Structure formats: C-alpha cells, structure tokens
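# Structural overview for review
As a plain string of letters, each chain reads:
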Amino acid sequence: MDLNYPSESAFLVLSLLFAITLIPAKVTVQFIGADYSNILRCALAVFITTITTLFVISAIDHFLGVILSFTWLVFIFNRILGMSKSWSSLFTIWLVLIQLAVLHGLGEYGVKL
C-alpha cells in the first residue's frame, strides 16, 4: 500500500515543528526555573514561536525584521512564561535554533514548506 501525502503542506510542517520543539522547550523552561512553567503556557509560547519563525523565514528579508521578531519573542517569553529579559533572550535564541534545525531536518526528508 502506497501512502501519498502532499509534501508541501504548511499544516504538516507547522504541526511537526510544534510537536518536535515542545519537549525541548518544556525541559529548558523547567531548567531555567520560569515563574509559569506549566505545559499549556509552554505550548502557547512554542506555538507563537513557530508561527513567528515561519513568518520570518518566508516574508522578512531585512535585518530590521529579524531584530523586531527577536524583540517580539523576548517580550512573549517574558510575559507568558515569566522569565527575566536575559533568560528570555537566551531562550529565544535556543528555541529558534532548535526550530531551524528541525526545519532543515524536515527538508532533508522531503517535507517542504
């Protein structure tokens, strides 16, 4: 039986990226010791990061857009997870790097955005 699925599905990429990124993010949030470290808040933060990362990759060409999206994510982590600004900055870099690595890995297996 041959299973055919569209390899250029945005929903497929979004759901795989979210699912693969959620567990490392939750472990990191527990390690950092954020004020609000339950799984629902962590899932909301990862979902917003996933949407922002995909938007930045596809739509923003300038360095100013990258800086604005970084500032946006630091603000989101500061408010949703209750982290300090320095931990939010490090967590933003860590989570975006994880997501870029997952996107690269998905691209190697034939799933395209």
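Quantities reported herein were computed from a predicted structural model and do not represent experimental measurements.

### Looking at helix α2 (residues 39–59)
- Between its first and last C-alpha, α2 extends 30 Å over 21 residues, near the 30 Å set by a 1.5 Å rise per residue.
- For α2, every residue scored as buried is listed here: C42, A43, A45, V46, I48, T49, T50, T52, T53, L54 and V56.

### Concerning the confidence of the model for the protein
- For the protein, the mean per-residue pLDDT works out to 84, and 91% of the residues sit at or above 70.
- Across the protein, the element-wise mean pLDDT spans from 86 in α2 up to 89 in helix α4 (residues 85–108).

### A closer look at the UniProt feature "transmembrane region" (unreviewed entry) in the protein
- The UniProt entry lists residues 12–32, 39–57, 63–81 and 88–107 under the feature "transmembrane region" (unreviewed entry), expressed in the numbering used here.
- Secondary structure across residues 12–32 comprises 100% helix and 0% strand; the distance between its end C-alpha atoms is 30 Å.
- For residues 63–81, helix accounts for 95% and strand for 0%, while the C-alpha atoms at its two ends are 27 Å apart.

### Quick word on the nonpolar core
- Core analysis: the largest hydrophobic core is formed by 18 residues, its most contacted members being V29, F77, L81, M83 and F91.
- Counting residues per element, the ones that place at least two in this core are α1 (10–32), α2, α3 (63–80) and α4.
- Per element, the largest residue contribution to this core is five residues, and it comes from α2.
- Formed by nine residues, the second largest nonpolar core is a distinct cluster that contains V13, L54, V102 and V111.

### Here's the deal with the packing of aromatic side chains
- Here the structure, examined in full by the defined rule, presents two aromatic pairs.
- Look at F18 and F47: their rings are 6.4 Å apart centre to centre, the planes differ by 80°, and that puts the pair in the edge-to-face class. Note that F18 is positioned in helix α1 and F47 in helix α2, a separation of 29 residues in sequence.
- The class of F18 is partly exposed, set by a relative accessible area of 23%.
- Ring geometry for F77 and F91: centres 4.8 Å apart, planes at 75°, overall edge-to-face. Of this pair, F77 sits in helix α3 while F91 sits in helix α4; the two residues are 14 residues apart in sequence, bridging distant segments of the chain. As far as burial versus exposure is concerned, F77 and F91 are alike and both buried.
- The cationic tip of R41 hangs over the ring face of Y36; the distance from NZ or CZ to the ring centre is 4.3 Å.

### Some points on the environment of G65
- By the element assignment, G65 lies in helix α3.
- In this structure, the C-alpha to C-alpha distance between G65 and L90, residues 25 residues apart in sequence, is 19 Å.

Calculation rules
Residues numbered from 1 in each chain as written. Predicted model: local features only at pLDDT ≥ 70, side-chain atom pairs only at ≥ 80, totals over all residues. Heavy atoms only, no water. Helix = DSSP H or I, 4+ residues; strand = E, 2+ residues; numbered from the N terminus. Expected span 1.5 Å × (residues − 1). Buried < 20%, exposed > 50% of the residue type's maximum accessible area, 1.4 Å probe, protein only. pLDDT = per-residue confidence, 0-100. UniProt positions renumbered as here; feature names shortened; annotations may be inferred. Core = buried A, V, L, I, M, F, W, Y, C linked by side-chain atoms within 4.5 Å. Phe/Tyr/Trp six-rings, centres within 6.5 Å; stacked < 30°, edge-to-face > 60°. Lys NZ or Arg CZ within 6 Å of the ring centre and 35° of its normal.

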